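Summary of structural features
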Amino acid sequence: MNFIIWIVIGGIIGWLASLVMKTDAQQGLFLNVVVGIVGALLGGWLLSPLFGTGTINSDDFSPLSLLVSFLGAVILLAIVNLVFRGRAR
């Protein structure tokens, strides 16, 4: 059951991050889930030590861990936008 919750929360976090970064029209449901989960991994690696909390990938669904996962997804989308800026999509 945790796996399903992890996928759903990852999709919501990825969708919110894509709204913030204005890439929502370019990605569908699957990419939102991928961005949410990979962003949570990135947030766990970069931001968890600063905030002292886990992420959704470590089965921690507190508000602070959701924020760390969200910020990781935003950072991931920012990196992707920097790499692919100016290329044909």
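Residues numbered from 1 in each chain as written. Predicted model: local features only at pLDDT ≥ 70, side-chain atom pairs only at ≥ 80, totals over all residues. Heavy atoms only, no water.

1. What about unusual backbone geometry?
Applied cut-off: To sort residues, take the accessible area from a 1.4 Å probe on protein chains only and compare it with the maximum for the residue type: under 20% means buried, over 50% means exposed, and anything in between is partly exposed.
For Lys22, which is not glycine, the phi dihedral falls at a positive 60°. Using a relative accessible area of 72% as the deciding quantity, one classes Lys22 as exposed.

2. Describing the confidence of the model for the chain
Selection rule: Per residue, pLDDT captures the predictor's confidence, and it can take any value from 0 to 100. Here a strand is any run of E in DSSP of at least two residues, a helix any run of H or I of at least four, and the numbering for each starts at the N terminus.
With 94% of its residues at a pLDDT of 70 or more, the chain has an overall mean of 84. At the level of individual helices and strands, the chain shows its lowest average pLDDT in helix α3 (residues 48–51), which scores 85, and its highest in helix α4 (residues 63–84), which scores 89.

3. A look at helix α1 (residues 2–20)
Using the following cut-off: Multiplying one less than the number of residues by 1.5 Å gives the expected span of a helix. Contacts between residues were defined by any pair of non-hydrogen atoms, one from each residue, lying within 4.5 Å.
The end-to-end C-alpha distance of α1, which contains 19 residues, comes to 27 Å, matching closely the 27 Å that a straight helix rising 1.5 Å per residue would cover. Of all the positions in α1, only Gly10, Gly11, Ile13, Gly14, Ala17 and Ser18 are classed as buried. Structurally, α1 contributes buried residues whose contacts are with α2 (29–46) and α4. Downstream of α1 by one or two residues, Lys22 has phi in the positive range, about 60°.

4. Side note on α2
Taking 1.5 Å of rise per residue, the 18 residues of α2 would be expected to cover 26 Å, and the 25 Å separating its terminal C-alpha atoms lies within 8% of that figure. Taken together, the buried positions of α2 are occupied by Asn32, Val33, Val35, Gly36, Ile37, Gly39, Ala40, Leu42 and Gly43. Tucked into the core, α2 has its buried residues touching α1, α3 and α4.

5. Observations concerning a nonpolar patch on the surface
Where we set the bar: For patch building, the residue pool is restricted to those with more than 30% relative accessible area and no salt bridge; the joining distance is 9 Å between like charges and 5 Å between nonpolar side chains (Val, Leu, Ile, Met, Phe, Trp, Tyr). Under the convention used here, a 1.4 Å probe and the Shrake-Rupley method define accessible areas, while residue burial counts only the protein chains that appear. Any Lys or Arg side-chain nitrogen located within 4 Å of an Asp or Glu carboxyl oxygen qualifies as a salt bridge.
Taken together, the side chains of Phe3, Ile4, Val8, Ile12, Trp15, Leu16 and Leu19 present a nonpolar region at the surface, about 650 Å² in accessible area. With respect to the helices and strands, Leu19 occurs in helix α1. Owing to a relative accessible area of 39%, Leu19 belongs among the partly exposed residues under this scheme.

6. Examining the side chain of Ser65
Under the convention used in this document: In the analysis that follows, any N or O atom pair within 3.5 Å is treated as a polar contact, provided that within protein one partner can donate a hydrogen and the other can accept it, and provided that, for residues neighboring in sequence, both atoms belong to side chains.
Note on placement: Ser65 falls in helix α4. Owing to a relative accessible area of 0%, Ser65 belongs among the buried residues under this scheme. Here Ser62 takes part through its backbone oxygen, which lies 2.8 Å from a polar atom of the side chain of Ser65. Not counting residues within four places of it along the chain, the set of residues in contact with Ser65 comprises Thr53, Gly54, Thr55 and Asp60.

7. As for the packing of α1 against α2
Just so we agree on the cut-off: Axis definition: a line fitted to C-alpha atoms, limited for helices to the stretch in contact. Angles are taken between N-to-C directions and run from 0 to 180 degrees. Here the word oblique covers every angle except those under 35 degrees (roughly parallel), over 145 (roughly antiparallel) and from 65 to 115 (roughly perpendicular). Each residue is assigned to one of three groups, with Ala, Val, Leu, Ile, Met, Phe, Trp, Tyr, Cys and Pro labelled nonpolar, Asp, Glu, Lys and Arg labelled charged, and all others, Gly among them, labelled polar.
At a closest axis distance of 6 Å, the pairing of α1 and α2 adopts a crossing angle of 95°. Classed by the angle they form, the pair α1 and α2 counts as roughly perpendicular. Between α1 and α2, the residues in contact are Trp6, Ile7, Gly10, Gly11, Ile13, Gly14, Trp15 and Ser18 and Asn32, Val33, Val35, Gly36 and Ile37, respectively. In terms of residue class, the contact of α1 with α2 is built from seven nonpolar, six polar and no charged.

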